[in-house]
Amino acid sequence: MIVYNLLKKMNLVIILYIYYIDMYNIVRITREIPIHPSKLSDRLYEHIHQEVINNVRNCNEEYGYIIEIIQILNIKDNCIRPSDSYIIFNVEYEAKVFKPIVGNVLNGFIIIKFDYGSFVEINNILKVFVKGDNNLNIGDNVDITVLQVKYEQSKYICIGEFV
């Protein structure tokens, strides 16, 4: 509440704060989670939960990067996979995700610098190529606007510009 009151007094900071909140979304995801038969025990929920957590930092085109598993909502039906006898559970869970979108304003650090541009890393997940501004140094904190987004080989490739 103290932070909110402080931000409320600084209108400019509130506007920037709203930009950064939109960087993450909370979504419901349903996935098939395979569990080895040896893990069928009274700790089954823990094994399923661990397999869901192993999906963190994975990326897909629909949701983007999975940042954090918030909670498991439902463990639905299951079946045995004939090829290897794994038990497949349909698990619904809530996750915090990050998906780059054209027009997003993001904050990150310069990690690589070239004569013709720089790579900016966003939250240790996404690297965005940004053209120009040779006055900046590696490690500088910068704001960028995403100009182009392409999904390829289980990751996003982005081009941006400095704000």
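The model shown is predicted, which means the values in this text are computed figures rather than measured ones.

1. Topic: the overall build of the protein chain
Phase 1 of the analysis: When helices and strands are counted, the protein chain shows three helices and nine strands.
Phase 2 of the analysis: Listing the helices and strands of the protein chain from first to last along the sequence gives α-α-β-α-β-β-β-β-β-β-β-β.
Phase 3 of the analysis: Residues classed as buried in the protein chain amount to 34% of the 163 residues present.
Phase 4 of the analysis: In the protein chain, of all internal contacts separated by at least 6 residues, the share reaching a separation of at least 24 is 58%.
Phase 5 of the analysis: Per element, the accessible surface of the protein chain, about 10400 Å² overall, is 53% carbon and sulfur.

2. A short note on the nonpolar core
Phase 1 of the analysis: Core analysis: the biggest nonpolar cluster contains 20 residues, and Y65, F98, V120, I122, L126, I144 and F162 have the highest contact counts within it.
Phase 2 of the analysis: Of all elements in the fold, only strand 3 (64-80), strand 5 (105-114), strand 6 (117-122), strand 7 (126-131), strand 8 (141-152) and strand 9 (155-162) reach the threshold of two or more residues within this core.
Phase 3 of the analysis: Once residues lying within four places of it in the same chain are set aside, the contact partners of I122 are M23, F98, L106, N107, G108, V128 and I144.
Phase 4 of the analysis: The next biggest cluster of nonpolar side chains, apart from the first, holds 16 residues, and it includes I29, I35, Y93 and A95.

3. Some details on the sheet that holds strand 2 (residues 59-60)
Phase 1 of the analysis: Reading across from one edge, 1-4-3-2 is the order of the four strands in this open sheet, with antiparallel pairing throughout. One side of each edge strand has no neighbouring strand; the edge strands of this open sheet are strand 1 (24-35) and strand 2.
Phase 2 of the analysis: When strand 1 meets strand 4 (residues 87-98), the two strands line up antiparallel, connected through 12 bridges. Counted as the bridge partner of Y24 is F98 from strand 4.
Phase 3 of the analysis: Where helix 3 (residues 44-53) meets the sheet, it contacts strand 1, strand 3 and strand 4, and its direction lies at approximately 125 degrees from that of strand 1.

4. Here's the deal with the pattern of salt bridges
Phase 1 of the analysis: Applying the stated rule across the entire model yields six salt bridges.
Phase 2 of the analysis: Between D84 and R81 there is a salt bridge; the shortest N-O distance is 2.8 Å.
Phase 3 of the analysis: Overall, D84 belongs to the partly exposed group, its relative accessible area being 34%.
Phase 4 of the analysis: E121 serves as the salt-bridge partner of K127, at 3.1 Å between the closest nitrogen and oxygen.
Phase 5 of the analysis: Judged by its relative accessible area of 41%, K127 falls in the partly exposed class.

5. Side note on a nonpolar patch on the surface
Phase 1 of the analysis: A contiguous nonpolar surface patch, about 230 Å² in accessible area, is contributed by I101, V102 and V149.
Phase 2 of the analysis: Take V102: it is sitting in the loop between strand 4 and strand 5.
Phase 3 of the analysis: Residue V102 is classed as exposed on the basis of its relative accessible area, which comes to 52%.

6. Things to note about the confidence of the model for the protein chain
Phase 1 of the analysis: The pLDDT averaged across the protein chain works out to 85; a share of 87% of its residues lies at or above 70.
Phase 2 of the analysis: Averaged pLDDT values for the elements of the protein chain fall to 39 in helix 2 (residues 11-21) and rise to 96 in strand 8.
Phase 3 of the analysis: For residues 1-21, every residue scores under 50 in pLDDT, and the model assigns this stretch nine contacts once sequence neighbours within four places are set aside.

Definitions and cut-offs
- Residues numbered from 1 in each chain as written.
- Predicted model: local features only at pLDDT ≥ 70, side-chain atom pairs only at ≥ 80, totals over all residues.
- Heavy atoms only, no water.
- Helix = DSSP H or I, 4+ residues; strand = E, 2+ residues; numbered from the N terminus.
- Buried < 20%, exposed > 50% of the residue type's maximum accessible area, 1.4 Å probe, protein only.
- Contact = heavy atoms within 4.5 Å.
- Areas by Shrake-Rupley, 256 points an atom, 1.4 Å probe, with all protein chains shown as cover.
- Core = buried A, V, L, I, M, F, W, Y, C linked by side-chain atoms within 4.5 Å.
- Pairing = 2+ DSSP bridges.
- Axes fitted to C-alpha atoms, helices over the stretch in contact; angles between N-to-C directions.
- Salt bridge = Lys/Arg side-chain N within 4 Å of Asp/Glu carboxyl O.
- Patch = residues over 30% accessible without salt bridge, like charges linked within 9 Å, V, L, I, M, F, W, Y side chains within 5 Å.
- pLDDT = per-residue confidence, 0-100.

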